[in-house]
Amino acid sequence: MSSPYAAPIVGWYQRNARDLPWRRPDASPWSILVSEIMLQQTQVARVLPAHAAWLERWPTPRALADATPGDAVRQWGRLGYPRRAIRLHATAGELVAKHNGQVPSDAATLAQLPGVGSYTAAAVASFAFGQREPVLDTNVRRVLGRLIAGEATPRQATSAAERRMAEQLLPQDGRQAARWSVAVMELGALICSATSPNCQQCPVADRCRWKQAGSPPAPPHRPGVRYQGTDRQCRGALLAVLRATPGAVTPDDLAAAWPEAEQRTRSLASLAADGLVAELPDGSLTLPTASA
DNA sequence: TAGGCGTGGTT
DNA sequence: TAACCAAGCCT
């Protein structure tokens with residue numbers, strides 16, 4: 001083990017880890033990639049059924065690439081951030097076109113896929129292929145931030161110091177590095193949570209700088225962003241109509257879902273720019289049926 | 001780099 | 001109950 005934290009945290013993980021489909025030994029890289037995309041800003045409990053249904057329908061990248069982007073958006077359902085469905089479909093196409101239908105094993109190649117950023121690239125390289133990559137998600141950042149820096153919550157942007165710290169803590173062996181990363185993530189999800197950490201159950205509470213400092217609260221952050229009445233809500237309402245309707249919908253159908261015309265028009269344009277909506281020659285709207 | 005981007009569970 | 005939060009990405 002490469003740090004005094006590894007043994008207690010990995011040991012805790014082996015006793016307390018949830019049994020999740022994408023963690024099973026027989027999980028394919030594709031299954032793991034799909035899970036990582038779905039888990040972006042989305043709770044595990046909501047991802048579980050969506051992931052199972054997605055893999056049942058599209059067990060391989062090639063299967064998804066043969067579907068339309070609209071199929072992907074419909075299957076995505078109400079998971080949120082439907083651009084993820086469009087980008088996952090586009091990724092499937094790239095895997096077929098450039099990677100022989102396979103998920104690449106190195107983080108740099110993964111990071112070039114649409115919808116795959118630094119976190120997801122590292123997670124797939126590590127969890128699916130045992131590559132030695134630091135996996136820095138919000139859980140890891142919070143756990144290490146508390147444990148070592150003594151701060152309640154991470155800053156908004158990942159700092160170079162955080163990357164150095166994650167790198168230094170990472171075991172040398174790739175498989176052990178993956179086990180360490182998933183263990184820290186799980187600790188952050190189950191014990192060292194954002195709002196109500198359960199330090200009584202924490203395997204490293206005796207060496208946590210944040211706890212030693214008396215668990216000081218996080219500094220106040222910027223006023224929360226509203227949702228009611230935003231373009232986001234409008235986009236969601238319009239897309240819900242499109243998902244629920246086989247074939248095309250009329251502009252009147254959309255007007256019924258969101259009466260405010262100016263905002264509706266603007267949101268529809270942004271959905272089209274994202275490749276989430278297509279306009280037919282007769283002026284009706286559909287989910288995209290070909291590559292955007 | 002700050003802000004936009006969905007949806008639902010939790011407190 | 002109105003925030004807050006949830007395995008981020010992109011521009």
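Predicted, not measured: the structure shown is a model, and the values here were computed from it. Here, residues in each chain are numbered from 1, in the same order as that chain's written sequence. Here every chain gets a letter starting at A, and every ligand a number starting at 1, in the order they are written. The model is predicted, so local features are restricted to residues of pLDDT at least 70 and side-chain atom pairs to those at 80 or more, both for listing and for counting; the totals for chains, interfaces and linings are taken over all residues. To get the side-chain values, take all heavy atoms of the structure and skip hydrogens and water.

Quick word on the overall build of chain A
So, step 1. Here a helix means four or more residues in a row that DSSP labels H or I, a strand means two or more in a row labelled E, and each is numbered from the N terminus. Scanning chain A from N- to C-terminus turns up 15 helices and 2 strands.
So, step 2. For chain A, the spread of C-alpha atoms along the principal axes amounts to about 65 × 45 × 30 Å.
So, step 3. Only heavy atoms enter the contact rule, under which two residues are in contact if any of them lie within 4.5 Å. Put simply, of all contacts in chain A between residues at least 6 apart along the chain, 65% involve residues at least 24 apart.
So, step 4. The Shrake-Rupley method, run with a 1.4 Å probe sphere, supplies the accessible areas, and residue values consider only the shown protein chains as cover. Within the structure as shown, chain A displays about 14,900 Å² of accessible surface, and the carbon and sulfur contribution to it stands at 51%.
So, step 5. Asp and Glu count as negative and Lys and Arg as positive, but His and the ends of the chain are not part of the count. Lys charges are placed at NZ, Arg charges at CZ, Asp charges at CG and Glu charges at CD. Measuring between centres, the 32 positive side-chain charges of chain A sit 8 Å from its 24 negative side-chain charges.

Quick look at the protein's contact with DNA strand C
So, step 1. Taken together, 29 residues form the shell around DNA strand C, and within it Glu36, Gly115, Gly117, Thr120 and Asn139 come nearest.
So, step 2. To be near a molecule or strand, a residue needs just one of its heavy atoms within 4 Å of it. The share of sugar and phosphate among atoms of DNA strand C within 4 Å of the protein is 66%.
So, step 3. Pairs of N or O atoms within 3.5 Å make up the polar contacts considered here, provided that, within protein, one atom can donate a hydrogen while the other can accept it, and that residues adjacent in sequence are counted only when both atoms are side-chain atoms. One of the side-chain N or O atoms of Tyr119 is found 3.3 Å from a base nitrogen in DNA strand C.
So, step 4. The contact in question runs from a phosphate oxygen of DNA strand C to an N or O atom on the side chain of Arg142, over 3.4 Å.
So, step 5. Contributions of two or more residues to the surface near DNA strand C are made by α8 (118-129), α9 (138-149) and α11 (174-190).
So, step 6. Its residues assigned to classes, the surface near DNA strand C comprises 11 nonpolar, 12 polar and 6 charged. Residues are grouped as follows: Ala, Val, Leu, Ile, Met, Phe, Trp, Tyr, Cys and Pro are nonpolar; Asp, Glu, Lys and Arg are charged; every other residue, Gly included, is polar.

A word on the environment of Phe127
So, step 1. Relative to the helices and strands, Phe127 resides in helix α8.
So, step 2. The spatial distance from the C-alpha of Phe127 to the C-alpha of Trp30 is 11 Å, given a sequence separation of 97 residues.

Some thoughts on the packing of helix α2 (residues 29-38) against helix α3 (residues 44-57)
So, step 1. To get an axis, fit a line to the C-alpha atoms, keeping to the stretch in contact for a helix; angles then go from 0 to 180 degrees between the N-to-C directions. At a minimum axis distance of 10 Å, the contact between α2 and α3 shows a crossing angle of 140°. Here α2 lies oblique to α3, going by the angle between them. Pair α2 / α3 crosses with right-handed handedness. Judged by residue contacts, Trp30, Ser31, Val34, Ser35 and Met38 of α2 engage Val47, Ala50, His51, Trp54 and Leu55 from α3.
So, step 2. The residue inventory of the contact of α2 with α3, partitioned by class, reads 7 nonpolar, 3 polar and no charged. By definition in this entry, angles of less than 35 degrees are roughly parallel, angles greater than 145 are roughly antiparallel, angles of 65 to 115 are roughly perpendicular, and the rest are oblique. By convention, the crossing between two helices is left-handed when the near helix turns anticlockwise from the far helix through less than a right angle, and right-handed when the turn is clockwise.

Some details on helix α6 (residues 83-98)
So, step 1. Each helix should span, by expectation, one fewer than its residue count multiplied by 1.5 Å. The end-to-end C-alpha distance of α6, which contains 16 residues, comes to 22 Å, matching closely the 22 Å that a straight helix rising 1.5 Å per residue would cover.
So, step 2. When accessible area is computed with a 1.4 Å probe and restricted to protein chains, residues below 20% of their type maximum are described as buried, those above 50% as exposed, and intermediate ones as partly exposed. Restricting attention to buried positions, one finds in α6 the residues Arg84, Ala85, Ile86, Leu88, His89, Thr91, Ala92 and Leu95.
So, step 3. Those residues of α6 hidden inside the fold are in contact with α2, α3, α4 (61-65) and α5 (69-76).
So, step 4. Looking at the residues trailing α6, positive phi occurs at Asn100, about 55°.

What to know about the domain arrangement of chain A
So, step 1. Each domain's extent was defined by an automatic or database domain assignment. Structurally, chain A comprises domain 1 (1-216) and domain 2 (231-286).
So, step 2. With centres defined by C-alpha atoms, the gap from domain 1 to domain 2 works out at 33 Å.
So, step 3. Counting residues at the interface gives 8 residues for domain 1 and 12 residues for domain 2.
So, step 4. Computed with a 1.4 Å rolling probe, the buried area is the accessible surface lost when two parts are put together, summed over both parts. Counting the surface lost from both domain 1 and domain 2, the interface buries some 770 Å², and carbon and sulfur atoms represent 55% of this.
So, step 5. A per-residue breakdown of the area domain 1 buries against domain 2 is headed by Arg74, Arg83 and Ile86, which together make up 53% of the total.
So, step 6. Salt bridges are defined by distance alone: a side-chain nitrogen of Lys or Arg within 4 Å of a carboxyl oxygen of Asp or Glu. Here domain 1 and domain 2 share 1 salt bridge between them.
So, step 7. Across the pair Asp274 and Arg83 runs a salt bridge, and its minimum N-O distance is 3.8 Å.
So, step 8. Put simply, domain 1 and domain 2 have 5 residue pairs in polar contact (both at pLDDT 80 or more) between them.
So, step 9. Listing elements by their share of the side of domain 1 that touches domain 2, those giving two or more residues are α5 and α6.
So, step 10. Broken down by class, the residue content of the side of domain 1 that touches domain 2 amounts to 4 nonpolar, 1 polar and 3 charged.

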